[in-house]
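Spelled out from the first residue to the last, the chains are:
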Amino acid sequence: MKPHRALELDGGEPLSATTVKAVTGLCDRAEDQDAPGVAALHVSGAPTGDWTGGLDVTLVTKWERALRRLERLPTATAAAARGDCGGTALDAFLAADLRVAAPDTRLIVPRDATATWPGMAGYRLVQLAGGARVRKAVLFGRPIDAAEALSLGLVDELADEPEAAVAAAAGPLGALSGKEVAIRRQLLFDAATTSFEDALGAHLAACDRALRQGAGTPEVTAP
């Protein structure tokens, strides 16, 4: 099974309303599609020069909301990266469930006129790898090469042809229930900030749901 939804993002292009629309369009297709599948992204490129010149906080807010929607899709997401990846390419790559990179990939937090860009890529880097291990990247823009990204857990796999690796992963990933993937993903997100006692109820509810589905018992919903 090949990914039946795909999007290419060039991080070298400034963020625009067109970029936001492209990501929300991918999310629309993923949410409307009944058949199993994987939402795939192919990313590359990093900003240079005065790339923030045309930005405003309204556009950035729309972009971050689109990424959060991508991150919570009721289907698996996979991203393939090549070369330098920064800006929108880095943002989307870090939001994917499965991240595959070519050996020449470098993850770069871009700079504006004064310092590194304070977008949510820094937040996701810290959530995935820990603050101490990405401090220089977030504060000073030091590139993270592919081998280091793999060791930090920012990349799941290195492949000479990352797009092919994503396509190969689409079969097993696409066979999973999108809604169930979303539930497991949320449990994963919550585990970092939720106490055992508070997390227990959500995990037990998910277990009960899985057991009911396995037994063919209708799911019980609150009135």
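This one's a predicted model, so the numbers in the text were calculated from it and none came from an experiment.

## Thoughts on the nonpolar core
One recurring pattern in soluble globular proteins: nonpolar side chains tend to sit buried together. Leu41 and Val43 are the most contacted members of the largest nonpolar core, which totals 43 residues. Excluding anything up to four places from it in sequence, valine 43 contacts Leu9, Ala80, Ala81, Arg82, Cys85, Ala89, Ala92 and Phe93. Counting residues in each nonpolar core, the second largest holds eleven residues, with Val38, Ala78, Ala80 and Ala159 among its members.

## Some words on the packing of helix α1 (residues 17-32) against helix α2 (residues 57-71)
Between two packed helices, what matters for the description is the angle formed by their axes and the separation of those axes. Closest axis-to-axis distance for the α1/α2 pair is 9 Å, and the angle between their directions is 25°. By the criterion of interaxial angle, the relationship of α1 to α2 is roughly parallel. When you trace α1 past α2, the crossing you get is left-handed. Where α1 abuts α2, its residues Ala17, Thr19, Val20, Val23, Thr24, Leu26, Cys27, Asp28 and Glu31 lie against Leu59, Lys62, Trp63, Ala66, Arg69 and Leu70. Residue classes in the contact of α1 with α2 are distributed as nine nonpolar, two polar and four charged.

## Things to note about the layout of surface pockets
Picture a little ball the size of a water molecule; that probe, rolled over the atoms, points out where space is still empty. Counted as a void, the largest pocket has a volume near 710 Å³. Lining the largest pocket are 27 residues, with Glu71, Leu128, Arg185, Leu188 and Phe189 sitting closest to its centre. Contributing elements (two or more residues each) for the lining of the largest pocket: α2, β3 (76-85), α3 (87-95), β4 (98-101), α4 (120-129) and α8 (178-191). By residue number, the principal contributor to the lining of the largest pocket is α8, which donates six residues. Its residues placed into classes, the lining of the largest pocket shows 14 nonpolar, four polar and nine charged.

## Comments concerning the pairing of β4
The side-chain alternation of β4 yields two buried faces, one formed by Leu98 and Val100 and the other by Arg99 and Ala101. Pairing geometry for β3 and β4, over four bridges, is parallel. Note on β4: the bridge partner recorded for alanine 80 is valine 100. Regarding the hand of the β-α-β motif, the stretch spanning β3, α3 and β4 is right-handed. Here β4 pairs with strand β7 (residues 157-158) via two bridges, running parallel. Across the sheet, alanine 101 pairs through a bridge with leucine 158, a residue of β7.

## Some remarks on the side chain of arginine 99
Tracing the sequence through the fold places arginine 99 in strand β4. From its side chain, arginine 99 meets the backbone oxygen of alanine 96 in a polar contact 2.8 Å long. Those residues in contact with arginine 99 that lie beyond four places of it in its chain are Ala79, Phe93, Leu94, Leu128, Gly153, Leu154, Val155, Asp156 and Glu157.

## Some words on the pattern of salt bridges
Here the structure, examined in full by the defined rule, presents eight salt bridges. Between arginine 69 and aspartate 28 there is a salt bridge, with the nearest N and O atoms lying 2.5 Å from each other. Here arginine 69, found in helix α2, pairs with aspartate 28, found in helix α1; they are 41 residues apart in sequence, far enough to count as distant. Residue classification places arginine 69 among the partly exposed positions, given a relative accessible area of 26%.

Conventions and cut-offs
- Residues numbered from 1 in each chain as written.
- Predicted model: local features only at pLDDT ≥ 70, side-chain atom pairs only at ≥ 80, totals over all residues.
- Heavy atoms only, no water.
- Core = buried A, V, L, I, M, F, W, Y, C linked by side-chain atoms within 4.5 Å.
- Buried < 20%, exposed > 50% of the residue type's maximum accessible area, 1.4 Å probe, protein only.
- Contact = heavy atoms within 4.5 Å.
- Axes fitted to C-alpha atoms, helices over the stretch in contact; angles between N-to-C directions.
- Helix = DSSP H or I, 4+ residues; strand = E, 2+ residues; numbered from the N terminus.
- Parallel < 35°, antiparallel > 145°, perpendicular 65-115°, else oblique.
- Left-handed = near helix turned anticlockwise from the far one by under 90°.
- Nonpolar A, V, L, I, M, F, W, Y, C, P; charged D, E, K, R; others polar.
- 1 Å grid on protein atoms, 1.4 Å probe; cavity = no way out; pocket = protein on both sides within 12 Å on 5 of 7 lines; lining within 4 Å.
- Points joined across faces, edges and corners; volume = space filled by probe spheres on them.
- Pairing = 2+ DSSP bridges.
- Right-handed = clockwise from strand over helix to strand, strands pointing away.
- Polar contact = N/O pair within 3.5 Å; in protein donor to acceptor, adjacent residues only side chain to side chain.
- Salt bridge = Lys/Arg side-chain N within 4 Å of Asp/Glu carboxyl O.

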